[in-house]
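# A closer look at the structure
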Amino acid sequence: MSEREAVILGALLHDIGKFMQRAEVPLSEQSKGMENIICPVYKGIYSHKHVLWTNEFFEKYFPSDLLKRSRVDIGNLACYHHRPETPLQWIIAEADRLSSGMDRKSFEEYEISVQNEDFISSRLIPIFEEVELTEEKGEYRYRYDITELNFAEDKIFPRLKSEMETDEKKSKGSKEGYQQLWSKFKDEFLRIPSYMNFNLYLSALVSLLEKFTWCIPSSSYKTMPDIPLYDHLISTTAIATALY
């Protein structure tokens, strides 16, 4: 695997930890011990802890034969995007920041009352909520369920947030919804043949990420959760490839 290909995979999977963190996947002691190495410090405490789960993903799930075939440590590139040191780490860090800068809009700008939602309960806001036919700014009423990409009518279309909150049986915005989604993703990821050439492996991985991360907000802390994690991963990868 070339250096360029390693950068592509590192960028594509740099935020896979956000998925795992929301599903509350247990961390190994090795990943926990990385806190003072890969997590930035904000106001005296470690922040952006999703990178610990990104480290866990590469330690536990990413094919070891692919790691051995790479000229550089792919997991290292992915995990250090908030505390970059090497030129290749900086490429992914810069790509992540550029992608985030283009994507994320502040709560203050839109004056929407979703600040009380945490990163697990926050759900993706449909882009069509931006369409206004009157001068008055309405409330953001619709959200997507946490579910794999499925073109069934009750899956692909957003639902009223109020309906989700009262419908406990169908509501999948909780950690249980993420745990079910992560379990399916993990099983399908482990079935991707790692002996395939790079382009085929990348194509399979991209399809899998679209299937399972299309509905996950890429960010929900002091930002409007209207960008899917999948879109952020793809745009970061495209920018990182161009920078390389």
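Keep in mind that this is a model prediction, so the values were computed, not measured.

## Some thoughts on the side chain of Thr 236
As for its placement among the helices and strands, Thr 236 is situated in helix 14 (residues 229-243). Among all residues touching Thr 236, those that are not within four sequence positions of it are Ala 11, His 14, Ile 92, Ala 95, Asp 96 and Ser 99.

## A look at the pattern of salt bridges
In total, this model carries eight salt bridges according to the counting rule given. Between Glu 35 and Lys 49 there is a salt bridge, with its nearest N and O atoms 3.0 Å apart. Of the two residues, Glu 35 sits in helix 4 (residues 35-38) while Lys 49 sits in the loop between strand 2 (45-46) and helix 5 (50-60), which places them 14 residues apart along the sequence. Here Glu 35 falls in the partly exposed class, since its relative accessible area comes to 22%. Judged by its relative accessible area of 34%, Lys 49 is partly exposed. Through salt bridges that share partners, Glu 148, Lys 184, Glu 188 and Lys 211 make up one connected network.

## Digging into a nonpolar patch on the surface
On the surface, Ile 127, Phe 128, Val 131 and Leu 133 cluster together into a nonpolar patch covering about 510 Å² of accessible area. Structurally, the position occupied by Val 131 is in the loop between helix 9 (107-110) and strand 3 (142-143).

## Concerning helix 5
The element helix 5 is largely enclosed, with a buried count of nine among its 11 residues. If you check which residues of helix 5 are buried, you get His 50, Val 51, Leu 52, Trp 53, Thr 54, Asn 55, Glu 56, Phe 57 and Phe 58. Buried residues along helix 5 sit in contact with helix 2 (16-22), helix 3 (29-32), helix 4, helix 6 (64-69), helix 7 (74-79) and helix 12 (175-189).

## Focus: the packing of aromatic side chains
Under the definition given, this model contains 13 aromatic pairs. The rings of Phe 19, Phe 57, Phe 58, Tyr 61, Phe 62, Trp 182, Phe 185, Phe 189 and Phe 212 are connected pair by pair, giving a single aromatic cluster.

## Re the nonpolar core
It is characteristic of soluble globular proteins that their nonpolar side chains tend to be buried jointly. Within the largest apolar cluster, 60 residues are counted, with the highest numbers of intra-cluster contacts made by Phe 19, Phe 57, Phe 62, Trp 182, Phe 185, Phe 189 and Leu 209. Broken down by secondary-structure element, the contributors of at least two residues to this core are helix 1 (3-12), helix 2, helix 5, helix 7, helix 8 (87-103), helix 12, helix 13 (198-213) and helix 14. Examining the composition of this core, we find that seven residues originate from one element, helix 13, more than from any other.

## Structural notes on the environment of Ser 31
Within the element layout of this structure, Ser 31 appears in helix 3. Note: C-alpha distance between Ser 31 and Leu 52 (21 residues apart in sequence) is 5.6 Å. Once you skip the residues sitting within four places of it in the chain, Ser 31 turns out to touch Leu 52, Asn 55 and Glu 56.

## With respect to the environment of Pro 225
Locating Pro 225 in the fold gives a position in the loop between helix 13 and helix 14. Separated by 101 residues in sequence, Pro 225 and Leu 124 have C-alpha atoms that sit 5.5 Å apart.

Parameters at a glance
- The residue numbering used here restarts from 1 in each chain and proceeds along that chain's sequence as written.
- Note on the predicted model: pLDDT of at least 70 is required for a residue's local features to be given, and 80 or more for side-chain atom pairs to be given and counted; whole-chain, interface and lining totals, by contrast, use all residues.
- Side-chain measures here rest on the full set of heavy atoms in the structure, leaving out hydrogens and waters.
- Comment: elements are numbered from the N terminus, with helices defined as DSSP H or I runs of at least four residues and strands as E runs of at least two.
- By the convention used here, residues are in contact when the closest approach between their heavy atoms is within 4.5 Å.
- Each salt bridge in this description consists of a side-chain nitrogen of Lys or Arg and a carboxyl oxygen of Asp or Glu lying within 4 Å of one another.
- The buried label applies to any residue whose accessible area, calculated with a 1.4 Å probe on protein chains only, is under 20% of its type's maximum; exposed applies above 50%, and partly exposed to all values in between.
- Residues enter a patch when their relative accessible area is above 30% and they make no salt bridge; the linking distance is 9 Å between like charges and 5 Å between nonpolar side chains (Val, Leu, Ile, Met, Phe, Trp, Tyr).
- Each accessible area is a Shrake-Rupley estimate made with a 1.4 Å probe; only the visible protein chains count as cover when residues are assessed.
- Within 6.5 Å between ring centres, the rings of Phe, Tyr and Trp (the latter by its six-membered ring) count as paired, and their orientation is classed by plane angle as stacked under 30 degrees, edge-to-face over 60, tilted in between.
- Throughout, nonpolar core names a set of buried Ala, Val, Leu, Ile, Met, Phe, Trp, Tyr and Cys residues whose side chains join them through atoms within 4.5 Å.

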